[in-house]
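# Survey of secondary and tertiary structure
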Amino acid sequence: MEILQIRTHDREAMVDITNELRKLIHANGWSDGALLLYCPHTTGAVTVNEGADPDVVRDILVNMRKLVPHTGDYHHAEGNSDAHIKSSMFGCEQMVIVEGGTIQLGTWQKIYFCEFDGPRSRKLWVKWLEA
Amino acid sequence: MEILQIRTHDREAMVDITNELRKLIHANGWSDGALLLYCPHTTGAVTVNEGADPDVVRDILVNMRKLVPHTGDYHHAEGNSDAHIKSSMFGCEQMVIVEGGTIQLGTWQKIYFCEFDGPRSRKLWVKWLEA
Amino acid sequence: MEILQIRTHDREAMVDITNELRKLIHANGWSDGALLLYCPHTTGAVTVNEGADPDVVRDILVNMRKLVPHTGDYHHAEGNSDAHIKSSMFGCEQMVIVEGGTIQLGTWQKIYFCEFDGPRSRKLWVKWLEA
């Protein structure tokens, strides 16, 4: 697998990793298959969503915080149970299609690494699956 | 990849695409592997759920609307932030197993294309991954 | 595909299946690729989350029950619409990376089979995808 390094700066963040993934595909000469994007951290996730208006990311993070508040009926002593819950709701992995050496994305789509208990230095694992 | 065309008729919809996928597998002679079902639209998703009782789809859509309301604390000016949030909660892609040229589904499972900001004319991308 | 048998003992449960998957990989001699973990039941899911402190699983299940209550505005007569909704929120499938014959997991990650309408005898389908 290949590994991307990601730095987040707030407690909750969605970091656009689309260009880093494009460079990785080019560097490895991957052409026809799929990328398995895997977050090895239990307070993180990977998702695809709108990338044109930064307010979409803001709206996602603010409203997920309302749905799953930072404090609440939690027994886990680290104070980040909300982040674990969001991780399972968004999912720690994402598959994307690659054809002709290019990630196939919809017009408005960007790929985001999500962190719900930052700021952190994190890794994203990238596994190439040949078609 | 292959592309399915999907038409939705309400703001929120889950369209059963199982039979269209079966035809696609047959037409391509795919036998042993997996389908990567990918929605290139940022207000859509792909999911698998019960297909016997239409009330299950109704209950899913009604209660997701209650969890993530159409209006609320949203800055994105297009009025569809709820749909973007639901897209990341359900996920824009789904993997399904194919063996013996047949999609492997549980007894009650159907595959649904989800749209949370319709009605729309949409596409589903289908990538074959050989086992 | 290979099939794991899983027994749950409560209405909602997350069962750690990491070791059973390790045995399956060893028994099949799988080395470099990915596992497609697929739950064929429409009230179940597969997720990856923290495995060190059992309170994390407790916090996830208790707070998902608060988000999507057992009783509510449901038309489906079987009384398990909450479980169907949670199944689509967590997702019925999960991809994990395998390299050197070993599942690649983050330090604190375990793989969980989720059941939201148990107790049940369930199956998990495991499909090997070669890299």
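One can find the structure itself at the top, above this paragraph.
All of these numbers come straight from a predicted model, not from anything done at the bench.

The next subject is the overall build of chain A. Scanning chain A from N- to C-terminus turns up three helices and eight strands. Going residue by residue from the N terminus, the α and β elements of chain A occur as β-β-α-β-β-α-α-β-β-β-β. By the compact-globule yardstick of 14 Å for 131 residues, chain A fits well, its C-alpha radius of gyration being 15 Å. Across its three principal directions, the C-alpha atoms of chain A cover 50 × 30 × 25 Å. In chain A, buried positions account for 63% of the 131 residues. Pairs at least 24 residues apart make up 83% of the contacts formed inside chain A by residues separated by at least 6 positions. Put simply, chain A shows about 4,800 Å² of open surface, and 48% of that area lies on carbon and sulfur atoms.

All names here are of chain C. Spatially, 1-8-3-5-6 is the arrangement adopted by the five strands of the open sheet, whose pairing is antiparallel. Each edge of the open sheet carries a strand with a single partner, namely strand 1 (2–7) and strand 6 (102–103). In terms of strand pairing, strand 3 (residues 33–38) meets strand 8 (residues 121–130) through six bridges, oriented antiparallel. By the bridge assignment, Ala 34 is partnered in strand 8 with Leu 129. Lying on the sheet, helix 1 (residues 18–28) is in contact with strand 1, strand 3, strand 5 (93–99), strand 6 and strand 8; it crosses strand 1 at an angle near 155 degrees.

All names here are of chain A. With respect to the helices, strands and loops of the structure, Glu 115 is situated in strand 7 (residues 109–115). Overall, the relative accessible area of 0% leaves Glu 115 in the buried class. One polar contact links the side chain of Glu 115 to the main-chain amide nitrogen of Asp 117, over a distance of 2.8 Å. Sequence-distant contacts of Glu 115, that is, excluding residues within four places in its chain, are made with Thr 8, Arg 11, Glu 12, Ala 13, Thr 43, Gly 44, Arg 120 and Arg 122.

Between chain A and chain C, which share one sequence, the superposing operator has a rotation angle of 120 degrees and an axial displacement of 0.0 Å; the RMSD is 0.0 Å. Expressed as a symmetry operation, the mapping of one chain copy onto the other fits a three-fold axis. Taking the C-alpha atom as reference, chain A places Met89(A) closest to the rotation axis, 3.3 Å from it.

We now examine the interface of chain A and chain C. Between chain A and chain C, the residue contacts involve 29 residues of the former and 36 residues of the latter. Here chain A meets chain C over a buried area of about 2,600 Å², counting both sides, of which 57% is carbon and sulfur. There are three salt bridges connecting chain A and chain C. Ionic pairing is found between Asp32(C) and Lys127(A), a salt bridge with its closest N-O pair at 2.5 Å.

All names here are of chain C. Taken in spatial order, the three strands of this open sheet run 2-7-4, and their pairing is antiparallel. What marks the edges here is a single partner per strand, and that holds for strand 2 (13–16) and strand 4 (44–50). Between one strand axis and the next, the sheet turns by 35 degrees as a mean value, whatever way the strands run. Direction of pairing for strand 4 relative to strand 7 (residues 109–115): antiparallel, over a ladder of seven bridges. By the bridge assignment, Thr 47 is partnered in strand 7 with Tyr 112. Sitting on the sheet, helix 3 (residues 81–90) is in contact with strand 4 and strand 7, with an inclination near 50 degrees to strand 4.

Conventions we followed
Residues numbered from 1 in each chain as written. Chains lettered and ligands numbered in written order. Predicted model: local features only at pLDDT ≥ 70, side-chain atom pairs only at ≥ 80, totals over all residues. Heavy atoms only, no water. Helix = DSSP H or I, 4+ residues; strand = E, 2+ residues; numbered from the N terminus. Rg over C-alpha atoms; globule rule 2.2 N^0.38 Å. Buried < 20%, exposed > 50% of the residue type's maximum accessible area, 1.4 Å probe, protein only. Contact = heavy atoms within 4.5 Å. Areas by Shrake-Rupley, 256 points an atom, 1.4 Å probe, with all protein chains shown as cover. Pairing = 2+ DSSP bridges. Axes fitted to C-alpha atoms, helices over the stretch in contact; angles between N-to-C directions. Polar contact = N/O pair within 3.5 Å; in protein donor to acceptor, adjacent residues only side chain to side chain. Least-squares fit on C-alpha atoms with pLDDT ≥ 70 in both. Buried area = accessible area lost by both parts, 1.4 Å probe. Salt bridge = Lys/Arg side-chain N within 4 Å of Asp/Glu carboxyl O.

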